[in-house]
Amino acid sequence: MSAASSLLSEEQFLCSICLDVFTDPVAIPCGHNFCKNCITQHWDVSVQCQCPMCKEVFDTRPKLWVNTLISEMAAQFRKSDEKKASSCPDQQCAKPLEVPCDVCTGTKLKALKSCLVCLASYCETHLEPHQIIKSMKRHKLIDPEENLEGRMCKEHDGPLQLFCKTDQMCVCLLCTESDHKSHHFVPLKEEYEGKKAELGKTEAEIQQMIQERQLKIQEIKHSVELSKEDTDREIADSVRVFTALMQSVERGQAELIETIEEKQKTTEKQAEGFIKELEQEISELMKRTAEVEQLSRTEDHLHLLQSFPSLNTPPHTKDWTEVSVHRSSYEGTVRRAVAQLEETLRKEMEKLLEAELKRVQQYAVDVTLDPDTAQAELILSDDGKQVNHGDVKKNLPENPERFSSCTCLLGKQSFSSGRFYYEVQVKGKTDWDLGVARGSINRKGDIRLRPEFGYWTIWLRNGNEYEALAGPSVRLSLKTKPQKVGVFVDYEESLVSFYDVDAAALIYSFTGCTFTEKLYPYFSPCNNHGGKNSAPLIISPVNHTD
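Rules behind the numbers
- In every chain, residue numbers begin from 1 and rise along the written sequence.
- Totals for whole chains, interfaces and linings use every residue, but because this is a predicted model, local features are given only for residues with pLDDT of at least 70 and side-chain atom pairs only at 80 or more, for both listing and counting.
- As a rule here, side-chain values cover all heavy atoms of the structure and leave hydrogens and water aside.
- Simply put, an axis is a line fit to the C-alpha atoms, just over the touching stretch for a helix, and the angle between two N-to-C directions goes from 0 to 180 degrees.
- Here a strand is any run of E in DSSP of at least two residues, a helix any run of H or I of at least four, and the numbering for each starts at the N terminus.
- Roughly parallel means an angle under 35 degrees; roughly antiparallel means over 145; roughly perpendicular covers 65 to 115; every other angle is labelled oblique.
- In this scheme the handedness of a crossing depends on how the near helix is turned from the far one: anticlockwise by less than a right angle means left-handed, clockwise means right-handed.
- In this description, contact between two residues means that some pair of their heavy atoms is separated by no more than 4.5 Å.
- Polar here means any residue outside two lists: the nonpolar Ala, Val, Leu, Ile, Met, Phe, Trp, Tyr, Cys and Pro, and the charged Asp, Glu, Lys and Arg; Gly therefore counts as polar.
- Any two strands between which DSSP finds at least two bridges are classified as paired.
- Here, the term nonpolar core denotes a set of buried Ala, Val, Leu, Ile, Met, Phe, Trp, Tyr and Cys residues that are joined through side-chain atoms within 4.5 Å.
- Relative accessibility decides the category of a residue: with a 1.4 Å probe and only protein chains considered, values under 20% of the type maximum give buried, values over 50% give exposed, and everything between is partly exposed.
- Two cysteine sulfurs form a disulfide in these notes if their separation is within 2.5 Å.
- A score between 0 and 100, pLDDT records how confident the predictor is in each residue.
- Within this document, salt bridges are pairs made up of a side-chain nitrogen of Lys or Arg and a carboxyl oxygen of Asp or Glu, the two lying within 4 Å of each other.

Enquirer: Report on the packing of helix α6 (residues 188-296) against helix α8 (residues 333-360), specifying residues and quantitative values.
Expert: Across the interface, α6 lies against α8 with an axial gap of 9 Å and an inter-helix angle of 165°. On the basis of their axis angle, the class for α6 and α8 is roughly antiparallel. The handedness of the crossing between α6 and α8 is right-handed. Contacts between α6 and α8 involve R233, E234, D237, R240, V241, A244, L245, S248, V249, L256, T259 and K263 from the former and T333, V334, L341, T344, L345, E348, K351, L352 and R359 from the latter. Residue composition of the contact of α6 with α8, by class: nine nonpolar, four polar and eight charged.

Enquirer: Which residues make up the sheet that holds strand β9 (residues 162-164), and what are the values?
Expert: With antiparallel pairing, the three strands of this open sheet are ordered in space as β10-β9-β11. In the strand order of this sheet, the two ends are held by β10 (169-171) and β11 (185-187), each with one partner. Pairwise comparison of adjacent strand axes, ignoring direction, gives a mean angle of 40° for this sheet. Where β9 and β10 come together, three bridges link them in antiparallel fashion. Within the sheet, the bridge partner assigned to L162 lies in β10 and is V171.

Enquirer: Any details on the nonpolar core? Residues and values, ideally.
Expert: As a rule of thumb, nonpolar side chains are buried together in soluble globular proteins. Counting residues in each nonpolar core, the largest one holds 35 residues, and the members touching the most others are W432, V496 and F523. Leaving out residues up to four positions away in the same chain, W432 has contacts with V426, I458, W459, L460, R461, Y466, V485, S524, C526 and L537. The next biggest cluster of nonpolar side chains, apart from the first, holds 17 residues, and it includes C38, I39, C49 and F58.

Enquirer: Explain the state of the cysteines to me, using residue names and the numbers behind them.
Expert: Covalently bonding the sulfur atom of one cysteine to the sulfur atom of another cysteine gives a disulfide. One pass over the structure, following the stated rule, counts zero disulfides. Here C104 stays free of any disulfide, with the sulfur of C101 as its closest cysteine sulfur at 3.7 Å. No disulfide involves C153; its nearest neighbouring cysteine sulfur is the one of C175, lying 3.7 Å away.

Enquirer: I'd like a rundown of the confidence of the model for the protein, residues and numbers included.
Expert: For the protein, mean pLDDT is 87; residues scoring 70 or higher make up 94% of the total. Within the protein, strand β23 (residues 519-524) carries the highest mean pLDDT (98), whereas helix α1 (residues 2-7) carries the lowest (40). Contacts for the low-pLDDT stretch residues 1-8, under 50 throughout, to residues beyond four places or in other chains number ten contacts.

Enquirer: Break down the environment of L434 for me, citing the residues and quoting the values.
Expert: For L434, the location among the structural elements is in strand β16 (residues 432-438). Measuring from C-alpha to C-alpha, the distance between L434 and G418 comes to 20 Å, with 16 residues separating the pair along the chain. Aside from chain neighbours lying at most four places away, what touches L434 is V424, V426, W456, T457, I458, V485, F498, Y522, F523 and L537.

Enquirer: An account of the side chain of R438 is needed here, citing residue identities and associated values.
Expert: Mapped onto the elements, R438 comes out in strand β16. Judged by relative accessible area, which is 17%, R438 ranks as buried. In contact with R438, other than residues within four places in its own chain, are P451, E452, F453, G454, W456, T514, E517, K518 and L519.

Enquirer: Just give me the short version of the pattern of salt bridges, but keep the residues and values in it.
Expert: If you walk through the whole model with that rule in mind, you get 23 salt bridges. For R288, the salt bridge is made with E291, and the minimal N-O distance between the two is 3.8 Å. In this pair, R288 and E291 are both assigned in helix α6, three residues apart and thus about one turn of the helix distant. According to the relative accessible area criterion, E291 is partly exposed, its value standing at 32%. Linking K444 and E398 is a salt bridge whose minimum nitrogen-to-oxygen distance equals 2.5 Å. Note that K444 is positioned in the loop between β16 and β17 (455-461) and E398 in the loop between β13 (386-389) and β14 (409-410), a separation of 46 residues in sequence. K444 gets classed as partly exposed once you look at its relative accessible area, which sits at 30%. Residue classification places E398 among the exposed positions, given a relative accessible area of 58%.

Here it is as structure tokens:
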């Protein structure tokens, strides 16, 4: 049995299901052998009884026959492997995903080295010839490699030892005399070092990209946190405002009802007094009637004549001709209650607008005027913060960015996302235009300040006529004349708003705007009209109030 087992390979004693040496081997009718437990479990989970090897199907589950011969040979094979392994206690059997020795029979030991010349991997025992035989010492040994065929030239069956710089591929020595003749070659080690350095650079770049994305994640999370804070604040403010309004409505309603009821009570009290007085007079009159009736029946001449003067005169009563109870008047009562409610609402709106202005001021940006876009009659300050209209048209170089006719210009800064805010002093002016414009607007000849042409603006004309140029224009009725105008843009929300900074009041908002490209701040000081409108537009620093 020992001799027989030495002539057989390990594969002959492996179960095709568990891929290990047989344990309690059994045979099925088709002649194939399996571990008893393996084939039993396989059939337990299968829809039909089928041989895992030849796929023969059995109508009923076959009876399992113990294969005594295979069982004895498998046991002998295990003993042989254990004896072999015990003779080399320092060596380990190859585990899954480890490279096995190509020479070992039976249990494969873990390979220590692979030879690029022999194209085989060896354990410590079978590696000895490469360490003692002179010719084999020159073989190229590397760490264990499973796919050694991939290190050989498919055309010449020689080891890949050079790198062709021309074709960027690994080649053998014979390749240098055939397909790659006259190409530029370097040793694999040299190219390895170069590529390793490139990989180091690539790794550093990837690490940088990872860090940038991690920072972006932190930035996004921070934005979400800020958004959550804004949301909570807005909810709290809205709850506060609407609670105050509801309380005001309820209070006003209660006061109105109380006033109406008090009037009704006064009317009822007055009526009760009149009725009581009338009932008292009726009682006295009925008493006099009874006395008169009694006297008229008397036969006593003397008694009638003596009593007649006192009974002939009616008792003293009130003249009720002009007396009446008037219905309560409620004219103006409801109107006054609603007016009080409107006053409460106005105060709440003022608080909201003040808070809103403070929030948008957090998005303040530094805006400067762009001289390359300024119409030739405009005069700019050296710091790019002021502009007014002059009487003389300067000789300036013509360029596509410059407005040719209209006295206007743009800011240098452009915005294609997010929010931004800036303030412009308009004090002392009778005419001006302010807003934002698309970068692709027409700048030559007359321009039309309407959203469909890429402008979102408001203006002042004749010192007191304010309009939002919404197409059609909207006449604006302002309580105060703005001295400083704030311009706020929320690109993603498609919103452009204008504020009276000093009054903390909203002037006008463009909503549902169509933004598809860069936006630029837009300014026009308008003509100076002989000095009446000579004051400049001034881009002012934003003062953040507490």
